[in-house]
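Now for the letters of each chain:
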Amino acid sequence: MAGPVRVCPECGRQFEFIDPAWRCCGVPMRLAAPPAAPVPLAELAGRPLTTWRYAEALGVPAEPWRAATLGEGITPLLPAVDGISVKVEYASPTLSFKDRGVVLLLAQALASGASRVIADSSGNAGTAVAAYAARVGLPAEIFVPESTSPKKIGQVRAHGARVNLVPGNREATAAAAIEAVQAGGAFYASHVYNPVFHLGTATYAYEVWEQLGGRLPETLVLPVGNGTLVLGVTRAVAGLLAAGRITKRPRIVAVQAANCAPLAAAWRAGAAEPVAVNATPTIAEGIAIAEPARGAEILAAVDEIVTVTEEQVLAGRSELAQNGWYVEDTAAVCWAAARAASWPDAVVPLSGAGLKTAWTPA
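These notes cover the structure that comes with them. Since this is a predicted model, take the numbers as computed values, not measurements.

1. Details of the pairing of strand S10 (residues 219-223)
Thought 1: Within S10, five of the five residues are buried, which leaves the element mostly enclosed by the surrounding structure.
Thought 2: Side chains Thr 219, Val 221 and Pro 223 project from S10 onto one buried face, and the interleaved Leu 220 and Leu 222 project onto a second face that is buried too.
Thought 3: Where S10 and strand S11 (residues 251-257) come together, five bridges link them in parallel fashion. When the bridges of S11 are listed, Thr 219 appears paired with Arg 251.
Thought 4: With helix H8 (residues 228-242) bridging S10 and its parallel neighbour S11, the resulting β-α-β unit is right-handed.
Thought 5: Direction of pairing for S10 relative to strand S13 (residues 346-349): parallel, over a ladder of two bridges.

Written out as structure tokens, the structure reads:
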């Protein structure tokens, strides 16, 4: 079965789509094919209103995708204030943008003949894997930090997945999941290590391009923890440029919580790798990643990395709610950054629904 090929950046070994391998020489794999683009705008008319309308850019076999899909994609893009537009990613089936990549991971799990799946997450990726695994009838085991929102944990359990609460930070959670995967018998549905996920998150940028009539905004503002949305979007932008679908690259700004900002620290220092930081707890749990596995890739991909304080996040979440958008704390970081800056013509994602967490008073 054809499909996206992954390559080890250390030794160059390639892995076919049906191969469940998730690492080779200890570093995250990358996609072997150069960035692609959707068909021209006029040819998209009449296609299904899901991420599958960009099938040529995804390169994923149709049969397992059709078995896995929950109708993800084509989320609203709406003007807000002062040149900022919002893309309402919490309109996705499991209420976060992670559905875009997870549908492809579960398609790959089916193609590889998996009998069960394991994933680790700070919450939203885990809920997505649980839902899509239920959709295709595969048992799922999800590892999350014990500090994860109880509502997200409840969502995982509602889909029938087994939940493992791990003491410590996000890195400890990943280590526990990897240990379980190495015990054998499970497909590792990792949004961090499997670059097939980035093909899914690339559809975010394709949609913005299509919704704006064949252009991208001046600035794309994106949250960054493990960088799955950043790396998907930058891949999409490169593909659109190479195919002549756009003529100008937008400015790509990544946002971290000031309490846990190894990439922002590296950016300020001019370093090519993440800088070790003494991370403290942040309400933006979805991007609380002290040691991002793809840190060097992220730093090379973006134009700027900024931080927002806890107070800015809370104020941003309140302002969004007062304008009709009820998001979780993590989903307010890009809005908070855009409100503090003066980027013209900016698009920010509302990445997760407020229903996934309790309301945090400002």
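Having seen the structure, we can now continue with the description.
2. So, the packing of aromatic side chains
Thought 1: Overall, the coordinates contain six aromatic pairs when judged by the stated rule.
Thought 2: An angle of 35 degrees between the planes, with centres 6.4 Å apart, marks the rings of Tyr 188 and Tyr 193 as tilted.
Thought 3: Its relative accessible area of 2% is what places Tyr 188 among the buried residues.
Thought 4: The exposure class assigned to Tyr 193 is buried, which follows from its relative accessible area of 15%.
Thought 5: Pairing Tyr 326 with Trp 359 gives two aromatic rings, centres 5.8 Å apart and planes at 20 degrees, and the pair type is stacked.

3. A few points about helix H12 (residues 333-340)
Thought 1: Of all eight residues in H12, six are buried; the element is thus mostly enclosed.
Thought 2: If you follow the buried residues of H12, they end up packed against strand S5 (84-87), S10, S11, strand S12 (304-308), helix H11 (310-322) and S13.

4. Let's talk about the sheet that holds S10
Strand-to-strand pairing in sheets goes through backbone hydrogen bonds, with the strands running parallel or antiparallel.
Thought 1: Pairing is mixed across the open sheet formed by six strands, whose spatial order is S4-S5-S13-S10-S11-S12. Both outer strands of the open sheet, strand S4 (77-79) and S12, are each paired with one neighbouring strand and no more. Averaged over all adjacent pairs, the angle separating strand axes in this sheet is 25 degrees, with direction ignored.
Thought 2: Running over the sheet, helix H9 (residues 262-269) touches S11 and S12 and is turned about 130 degrees from S12.

5. A look at a nonpolar patch on the surface
Thought 1: Taken together, Tyr 326, Leu 355 and Trp 359 make up a surface patch of nonpolar side chains, about 310 Å² in accessible area.
Thought 2: Locating Tyr 326 in the fold gives a position in the loop between H11 and H12.

6. Digging into the nonpolar core
Thought 1: Core analysis: the largest hydrophobic core is formed by 39 residues, its most contacted members being Leu 104, Leu 106, Val 117, Val 129 and Ile 142.
Thought 2: Counting residues in hydrophobic clusters, the runner-up holds 37 residues, among them Leu 77, Ala 205, Ala 261 and Leu 263.

7. Quick word on the environment of Leu 95
Thought 1: Relative to the helices and strands, Leu 95 is located in the loop between S5 and helix H3 (99-111).
Thought 2: In this structure Leu 95 touches Glu 89, Tyr 90, Ser 351, Gly 352, Ala 353 and Lys 356, once residues within four positions along its chain are discounted.

8. Quick word on the sheet that holds strand S3 (residues 30-31)
Thought 1: Strand order across the open sheet formed by three strands is S2-S1-S3, with antiparallel pairing between neighbours. Edge strands, defined here as strands with exactly one partner in the open sheet, are strand S2 (14-15) and S3.
Thought 2: Across two bridges, strand S1 (residues 6-7) lies against S2 in antiparallel orientation. Bridge assignment links Val 7 to a residue of S2, and that residue is Gln 14.

Thresholds, definitions, all that
Residues numbered from 1 in each chain as written. Predicted model: local features only at pLDDT ≥ 70, side-chain atom pairs only at ≥ 80, totals over all residues. Heavy atoms only, no water. Buried < 20%, exposed > 50% of the residue type's maximum accessible area, 1.4 Å probe, protein only. Helix = DSSP H or I, 4+ residues; strand = E, 2+ residues; numbered from the N terminus. Pairing = 2+ DSSP bridges. Right-handed = clockwise from strand over helix to strand, strands pointing away. Phe/Tyr/Trp six-rings, centres within 6.5 Å; stacked < 30°, edge-to-face > 60°. Contact = heavy atoms within 4.5 Å. Axes fitted to C-alpha atoms, helices over the stretch in contact; angles between N-to-C directions. Patch = residues over 30% accessible without salt bridge, like charges linked within 9 Å, V, L, I, M, F, W, Y side chains within 5 Å. Areas by Shrake-Rupley, 256 points an atom, 1.4 Å probe, with all protein chains shown as cover. Salt bridge = Lys/Arg side-chain N within 4 Å of Asp/Glu carboxyl O. Core = buried A, V, L, I, M, F, W, Y, C linked by side-chain atoms within 4.5 Å.

Geometric descriptors of this kind do not, in isolation, establish any biological role.
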